[in-house]
Amino acid sequence: QVQLVESGGGLVQAGASLRLSCAASGRTFSSYAMAWFRQAPGKEREFVACISASGDNTFYADSVKGRFTISRDNAQNTVYLQMNSLKPEDTSVYYCAVKRPGSSRYNLHTSYNYWGQGTQVTVSS
C-alpha cells in the first residue's frame, strides 16, 4: 500500500512558476516509476510527465515539454514537478501517481494504481 500527498499548488499569474511536491509513504518508493497527471473541470485526466524508478528517464506531454521538469528524491520519498512559464491552460487539479509494475503505457492513467488527492493549480491571465 502506498499513500501519496501532493502540495505546492496555488493561484499565480501567467508566466510565473510553481513547484509541486508529492510525498509518498512506503519502503519501496524507489522501485516504482511515478507520474503527474492533471484534470480540468469537465475534461479527462491528462498525462503531464513521468519519471523512471531511478530517475534516469523522463517523459513529458508535448503541451508541457520545455516548461515543466519532473524529478525525484528517493531518499526523501518525494517526486517533484517544477512548472515554469505557466499558462492559463495549465489550470487544473494536479495528481501524482504510482505506475503499476509491468504496465507499458506511461501516458495512460490506467497504468497507475495509486493516486494522491490532488492539488489545485490556477493560472490567471
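From a predicted model like this one, the values you see are computed outputs, not experimental measurements.

Chemist: Looking at this structure, I do not really get the overall build of the protein chain. What am I missing?
Modeler: Across its full length, the protein chain holds zero helices and eleven strands. Listing every helix and strand of the protein chain by position from the N terminus yields β-β-β-β-β-β-β-β-β-β-β. For the protein chain, whose C-alpha radius of gyration is 13 Å, the value lies close to the compact-globule estimate of 14 Å for 125 residues. Along the three orthogonal principal directions, the C-alpha set of the protein chain runs to about 40 × 25 × 25 Å. When the 125 residues of the protein chain are sorted by exposure, 42% land in the buried category. Of the side chains in the protein chain, 12 bear a positive and 8 a negative charge, and the two mean positions are spaced by 4 Å.

Chemist: Would you mind going over the packing of aromatic side chains with me for this structure?
Modeler: The way to describe two aromatic rings as a pair is by their centre distance and the angle between their planes. Scanning all chains against the criterion turns up seven aromatic pairs. Both rings, one in F37 and one in Y112, keep their centres 5.1 Å apart while their planes meet at 75°; by these two values the pair is edge-to-face. In this pair, F37 is assigned in strand 4 (residues 34-39) and Y112 in strand 10 (residues 112-115), connecting sequence segments 75 residues apart. Residue F37 shares its accessibility class with Y112, and that shared class is buried. Grouped by ring-pair contacts, the aromatic residues F37, F47, F59, Y95, Y106, Y112 and W115 constitute a single cluster. Between R72 and the ring centre of F29, over which it is positioned, the NZ or CZ distance is 4.5 Å.

Chemist: How should I be thinking about the nonpolar core in this particular structure?
Modeler: Nonpolar side chains in soluble globular proteins tend to end up buried together. Among the nonpolar cores identified, the biggest contains 34 residues, and W36, V79, L81, M83 and Y94 are the most heavily contacted of them. When residues of this core are traced back to their parent elements, those giving at least two are strand 3 (18-24), strand 4, strand 5 (46-51), strand 7 (68-73), strand 8 (78-83), strand 9 (92-99) and strand 11 (119-124). Counting residues per element, this core draws most heavily on strand 5, which supplies five residues.

Chemist: Would you mind going over the pattern of salt bridges with me for this structure?
Modeler: Between side chains of opposite charge, a pair can form when the charged atoms approach closely. Enumeration according to the criterion identifies four salt bridges in this entry. A salt bridge links K65 to D62; its shortest N-O distance comes to 3.2 Å. The exposure classification of K65 matches that of D62, with both residues exposed.

Chemist: Would you explain the pairing of strand 11 in this entry?
Modeler: Moving residue by residue along a regular strand, the side chains alternate between the two faces of the sheet. Across the two faces of strand 11 the burial differs, with T119, V121 and V123 buried and Q120, T122 and S124 not buried at all. Here four bridges tie strand 2 (residues 10-13) to strand 11, and the two strands are oriented parallel to one another. Note on strand 11: the bridge partner recorded for Q13 is S124. Bridge analysis of strand 9 against strand 11 gives three bridges, and the strand direction is antiparallel. Directly across from S92, in strand 11, lies its bridge partner V121.

Chemist: I tried to follow the sheet that holds strand 3 on my own but got confused; where do I start?
Modeler: Within a sheet, adjacent strands bond to each other through the backbone by hydrogen bonds, running parallel or antiparallel. Here four strands make up an open sheet; going across it, the order is 1-3-8-7 and the pairing antiparallel. Only two strands of the sheet have a single partner each, and these edge strands are strand 1 (4-7) and strand 7. Taking the axes of each pair of neighbouring strands and ignoring which way they run, one obtains an average angle of 15° across the sheet. Both strand 3 and strand 8 contribute to a ladder of six bridges, which runs antiparallel.

What counts and what doesn't
- Residues numbered from 1 in each chain as written.
- Predicted model: local features only at pLDDT ≥ 70, side-chain atom pairs only at ≥ 80, totals over all residues.
- Heavy atoms only, no water.
- Helix = DSSP H or I, 4+ residues; strand = E, 2+ residues; numbered from the N terminus.
- Rg over C-alpha atoms; globule rule 2.2 N^0.38 Å.
- Buried < 20%, exposed > 50% of the residue type's maximum accessible area, 1.4 Å probe, protein only.
- Lys, Arg positive; Asp, Glu negative; His and termini not counted.
- Charge placed at Lys NZ, Arg CZ, Asp CG, Glu CD.
- Phe/Tyr/Trp six-rings, centres within 6.5 Å; stacked < 30°, edge-to-face > 60°.
- Lys NZ or Arg CZ within 6 Å of the ring centre and 35° of its normal.
- Core = buried A, V, L, I, M, F, W, Y, C linked by side-chain atoms within 4.5 Å.
- Salt bridge = Lys/Arg side-chain N within 4 Å of Asp/Glu carboxyl O.
- Pairing = 2+ DSSP bridges.
- Axes fitted to C-alpha atoms, helices over the stretch in contact; angles between N-to-C directions.

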